[in-house]
Amino acid sequence: MNSNTRRTLLLCLALGAQGGCYQGLAYTPDWDSGATDDGDDGDDSADDVPEPVSEADEVAEMPLPRLTRHELRHTLTDLLGAPFETDLALPSDARGIHGFIEGDAVSTVDARNLMNLAEAFAAEVKTGSPLLEPCDPSTTGEVECAERFVERFGRRAYRRHLEPEEVTALVSLYEDARAVAELDHDEGIAAVTEAMVQSPHFLYRRELGPRAAQEVEGVVVLDPDEVASRLSYLLWSSLPDDALFAAADARALASSEQLEAQARRMLDDPRADRMVDDFHLQWLDIEEISTAVKDVDAFPAATEELMGSMEEETRRFARWVMLGDGDGTLEQLLTAPTSLVDARLAALYGVDAPAQPFTPTALDPSERAGILTQPAFLARHAGTALSNPARRGKTLSERLLCRALPPPPDDIPALVPPEEGATTRQQFEQHALDPACRGCHQLIDPLGFSLEHYDAIGGYRQQEQGTPIDASGSLDLDGDTLSFSSMVELAPRLAGSAHVRECVATQWFRYAMGRAELDADQTSRTMIYETFEDSGFDLRELIVAIVTSPSFRERAPSEGEELRQ
Amino acid sequence: MSHFHQKISRRNLLRGLGASAALIPLLDQTEARGEGDDGFPCRVVVIMKTNGVIRQHFYPQGEGTDLTQLSLPAMTEPLMPYRDRLTFVGDLEMRNFTDYPGYGAGHENYSCTFTGVRGHEIPNPEPTAGARFTGGGPSVDQYIAQHLGDVTPIRTLNLGVRVEEKAWYQSRCIYTAADQWVTPQNDPRQAFDTVFAGVDPDDVGDPGLALRAARRQSILDRVGLDLESFASRLGRDDRDKVLAHLQSVRELEQQVGASDLSACTIPTLGEHDIEQNDDYPKILEAQLDVMVNAFKCDRTRVATIQLTNGNGSNTVFSWLGISGPGQEFGIRDYHDIAHRPGDMDQDKIAAERWYMEQLVALMERLDSVPEGSGTMLDNTIILWANHMGNGGAHSSNELPWILAGGGAGYLKTGQYLSMGGAPTNGVLRALCEAMGADPSGFGDPVYGDAIAALRA
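Cut-offs used in this document
Residues numbered from 1 in each chain as written. Chains lettered and ligands numbered in written order. Predicted model: local features only at pLDDT ≥ 70, side-chain atom pairs only at ≥ 80, totals over all residues. Heavy atoms only, no water. Helix = DSSP H or I, 4+ residues; strand = E, 2+ residues; numbered from the N terminus. Buried < 20%, exposed > 50% of the residue type's maximum accessible area, 1.4 Å probe, protein only. Contact = heavy atoms within 4.5 Å. Areas by Shrake-Rupley, 256 points an atom, 1.4 Å probe, with all protein chains shown as cover. Buried area = accessible area lost by both parts, 1.4 Å probe. Salt bridge = Lys/Arg side-chain N within 4 Å of Asp/Glu carboxyl O. Polar contact = N/O pair within 3.5 Å; in protein donor to acceptor, adjacent residues only side chain to side chain. Disulfide = S-S within 2.5 Å. Expected span 1.5 Å × (residues − 1). Patch = residues over 30% accessible without salt bridge, like charges linked within 9 Å, V, L, I, M, F, W, Y side chains within 5 Å. Lys, Arg positive; Asp, Glu negative; His and termini not counted. Charge placed at Lys NZ, Arg CZ, Asp CG, Glu CD.

**Student:** Which residues make up the overall build of chain B, and what values go with them?
**Tutor:** A count of helical and extended segments in chain B gives 11 helices and 13 strands. Looking at chain B residue by residue over its 456 residues, the buried ones come to 64%. Looking at chain B alone, contacts between residues at least 24 apart form 71% of all its contacts between residues at least 6 apart. Only carbon and sulfur atoms are counted for the fraction: they give 48% of the accessible area of chain B, which is about 15,100 Å².

**Student:** Pulling in residues and values, what's your account of the interface of chain A and chain B?
**Tutor:** On the chain B side, the residues contacting the 77 residues of chain A number 59 residues. A buried area of about 6,000 Å², summed over both sides, lies between chain A and chain B, and 55% of it is on carbon and sulfur atoms. Inspection of the chain A/chain B interface yields 5 salt bridges. Among the ionic pairs, Arg 216 of chain B bridges to Glu 119 of chain A, the shortest N-O distance being 2.8 Å. Remark: the boundary between chain A and chain B carries 16 residue pairs in polar contact (both at pLDDT 80 or more).

**Student:** Just give me the short version of the state of the cysteines, but keep the residues and values in it.
**Tutor:** Tallied over the entire structure, the rule returns 3 disulfides over all chains. One disulfide bridge connects Cys 402 of chain A with Cys 503 of chain A, the sulfur atoms lying 2.0 Å from each other. Torsion about the S-S bond of the Cys 402 of chain A and Cys 503 of chain A cystine: about 85°, corresponding to right-handed handedness. With Cys 402 of chain A in the loop between helix H17 (389-400) and helix H18 (424-431) and Cys 503 of chain A in helix H21 (residues 498-513), this residue pair connects regions lying 101 residues apart in the sequence. Paired by a disulfide, Cys 264 of chain B and Cys 297 of chain B hold their sulfur atoms 1.9 Å apart. The sign of the 85° torsion about the S-S bond sets the Cys 264 of chain B-Cys 297 of chain B disulfide as right-handed. On the criterion of sequence distance, the pair formed by Cys 264 of chain B in the loop between helix H7 (236-255) and helix H8 (280-296) and Cys 297 of chain B in the loop between H8 and strand S8 (302-307) is long-range, its members being 33 residues apart. In this pair, the class of Cys 264 of chain B matches that of Cys 297 of chain B, namely buried. Here the disulfide map of chain A reads 1-2, 3-4, the bonded cysteines being numbered as they appear in the sequence. Free cysteine: Cys 112 of chain B, not disulfide-bonded; nearest cysteine sulfur from Cys 173 of chain B at 10 Å.

**Student:** Could you give me a rundown of the pattern of salt bridges, with the residues and numbers involved?
**Tutor:** Residue and element names in this part refer to chain A. Summed over the entire model, instances satisfying the criterion amount to 63 salt bridges over all chains. For Glu 207, the salt bridge goes to Arg 159, with nearest N and O atoms at 2.7 Å. With Glu 207 in the loop between helix H8 (200-203) and strand S3 (213-216) and Arg 159 in the loop between helix H5 (142-157) and helix H6 (164-181), this pair connects stretches of sequence that are 48 residues apart. Of the two residues examined, Glu 207 and Arg 159, each falls in the buried class. Each of Arg 95, Asp 285, Glu 287, Glu 288 and Arg 380 takes part in one network of salt bridges that share partners.

**Student:** Please give an account of helix H12 (residues 272-283) of chain A that cites residues and values.
**Tutor:** Residues and elements named next belong to chain A. End to end, H12 covers 17 Å across 12 residues, agreeing with the expected 16 Å (1.5 Å per residue, within 8%). Summarising burial for H12: 11 of the 12 residues are buried, a large majority. Ala 272, Arg 274, Met 275, Val 276, Asp 277, Asp 278, Phe 279, His 280, Leu 281, Gln 282 and Trp 283 are the residues of H12 that are buried. Phi turns positive, to about 55°, at Asp 285, one or two residues after H12.

**Student:** If you had to explain a negative patch on the surface to someone new, which residues and values would you point to?
**Tutor:** All names here are of chain A. A cluster of acidic residues, Asp 476, Asp 478, Asp 480, Glu 502, Glu 530, Glu 533 and Asp 534, forms a negative patch at the surface. A per-element tally of the negative patch places helix H22 (residues 522-534) first, with 3 residues. Take Glu 502: it is sitting in helix H21. Since its relative accessible area comes to 41%, Glu 502 is described here as partly exposed.

**Student:** Give a description of the environment of Gly 374 of chain B that names residues and reports values.
**Tutor:** Residue and element names in this part refer to chain B. Within the secondary structure layout, Gly 374 lies in strand S10 (residues 374-375). Between the C-alpha atoms of Gly 374 and Glu 164, which are 210 residues apart in sequence, the distance is 38 Å. Residues contacting Gly 374, with those up to four places away along its chain left out, are Asp 38 and Val 369.

**Student:** Report on the side chain of Glu 561 of chain A, specifying residues and quantitative values.
**Tutor:** Assignment of secondary structure puts Glu 561 of chain A in the loop between strand S11 (554-555) and strand S12 (563-564). Residue Glu 561 of chain A is classed as buried on the basis of its relative accessible area of 10%. A distance of 2.3 Å separates a polar atom in the side chain of Glu 561 of chain A from a polar atom in the side chain of Arg 206 of chain A. In contact with Glu 561 of chain A, other than residues within four places in its own chain, are Arg 206, Ala 213 and Arg 555 of chain A together with Arg 233, Leu 234 and Gly 235 of chain B.

See below:
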């Protein structure tokens, strides 16, 4: 039995197999399924809008997402149908209050960068792109070809069908640009392409075009095109594929079964790697590991190449757990004494290099347990020469335990220089004696001490400055005080903790929703967690549960938003 | 946020461009204030520094307020020959931050250094994300730019040297409005493109430039219309975000316009790699090159430059021979230097002294441009700001700010003013006055008015 079948079976056994997996929240709204909507029929009647499954107090506002850099790169590549590689600056991102990256407000500099990017992209479209092919201007006519291009490219770039007035406006731009800037047909197409790539309809994810959202009893049920985009940007960091567009056109993205089937199909597609990579790099705050600077005197091995391998290892490992031959569980993610390494990392781990780089490699189970004992995490949250238990502990506390920390004190007192020969742990313990520091450090340092066997580049060590490593400590979790000798002992207990499992589900929820959780999400989050639990804490099932939850496809009207009743 | 709602028509934009780009003095711009007696416009440069200083090595030494009679210690010694061209404003406090309930250590205040209102903390379920602490209103440069309007093609030139790309409270201090930060341009090449519309020295006079500009304007015009209609149905918060984007596109449309660059000296930028720490001095030099040349042909009158982040941890002063493992942090970077215990820190002295040499370099460059009976330095007001006073403690008081240049006759130079904990708004409002913007509209009035002693 392959792992997918096993997972599906588990889930359905747990929930009862008839009528889809989510009987508790049977959500089969009456979209006029079967009717295709080519988008220009202007039929906006309320008849084809399903009854929401949520009450008005069970839905939250969805902030308008702007494509992040990661999404922009993948979207342009997928639009082009070929890798779109550029060293141009992209519009800036910011870390949102939910802890994950989001597209930042577009400043003038960002607008300029976007213009440059659009020009580079349009140059690619011009040179023999399949996007242009089905129309020959010499027989069909140049304006007619421009119009067809706008409709076809727009369907994918705007992730919906264009309204007739939008097509007209873009064709006018084609004609105007040709006239004022003395352009030929191809250059005119390029000009239109640039306008579309800079358009808010491309850059922001709200696939309604000129229409206002439809409200039913205080709830906005997302339009099928919006649901398709939500699925594709969560799972693939990019636009929908043809199958998903077709499902949106057929209004076949409404029931939980339909969404579940799409999600499973999309998880099996190689593009799902993008989600797994993006989530884990952001969750563990290791996006910048490949450019981290280490003290090369202390660590001659710490080359740029090694730092790059660290990032690749964690990407490959997360994919292996969630999308590959791994068992998909949170437990495996946090405890596997296995990783996917190349020769450089094998040397760091002290194991033989695998025949093929980045293939599963057994590690010493007394030294390593899961993603938190991988060099990317350990080195990213360390200094250049020394480990940094406070920083590692702070990251673990916030990202794995969802425990916020109070703000730092008014005046951080000058640090006392370390005594000669003191270990890192002793230095931090000394620092935490100061009453002004103790409050935070007693919350975060013990967690960080659990990783003291790992130096600033993630190598395993038995001693520091001639003193044996002390990685022991204790942690309050699930109402108990856990004592541990090191992360290898702690990791399985973290993986088995209800608190940690809930936090991981919450982090995925934040990532998928692009916002922090709110009270109104309680129904959805309870359902998601129960499904996650029933699956044996299978992370793939967690994704499926999130996309089929009401929070994913129903929202509250935004304050001041223009709506159709 | 009313400025976001101003609809700037394409026609007006083009008219503005034709009128303003080339002519200095701007005889037909009667509404432009902040001008000197010779009719040259006043420019403002706001420089943001981090990590504080060591008081006894930075503050003027001796009795009295006549700076020209005082000596400057090791860090500020490079300013000695220019004591009559600047005023040292010591012992300021960033009250808009220290009044904040439960304010923390002095990195957070970076974001509200130039806004003159309390920082804005956005409730955060998970402060790893960086307790999101942002400026609560427009920064002083943006406020002044709003007053000046479209008198120049570029409202503000917001530059940086190795400022972190990630937007958070330690990397953003320029705001157009509450929570809406401006990303600094770290790349002199981009700054160059902004100022000179991508025109290289070799391109001047190329007729293709006008066609390229017309093409870009047609496209951006369409994008602007899309943004307008897109914004109209959104909820309030989303709409504000999209309208800010619209404003950016309108400004870009103006910048890319085929303006007359004949009054400009288009500089040739030197080679540098913005990713390389060691290129920091070259990057800074190139940024100042772009800035001064932008002033010379009146492409802008308002410039800001952020020198590293609000912590300096991405800067190692390798060119001063300072590197290697840190004393408290992993590496001997600028942040590690600031935290170094004790007062006799030669690395800190060397770093701050180097920065003062850069201020001198900017002053000398401005002073080399004759304008009327004086120089461009006389028609510029430079604010050298630091969001920390005592570097080791990261304090928000004892701030030593420096104002340099004549401010087109506004600034009384040659002074040492000890402010006894007065709020920094006194300086920020003085900048507004120097530029002809209503100081009473800037910042929170509880933090006082412009410091009278700064007026000539």
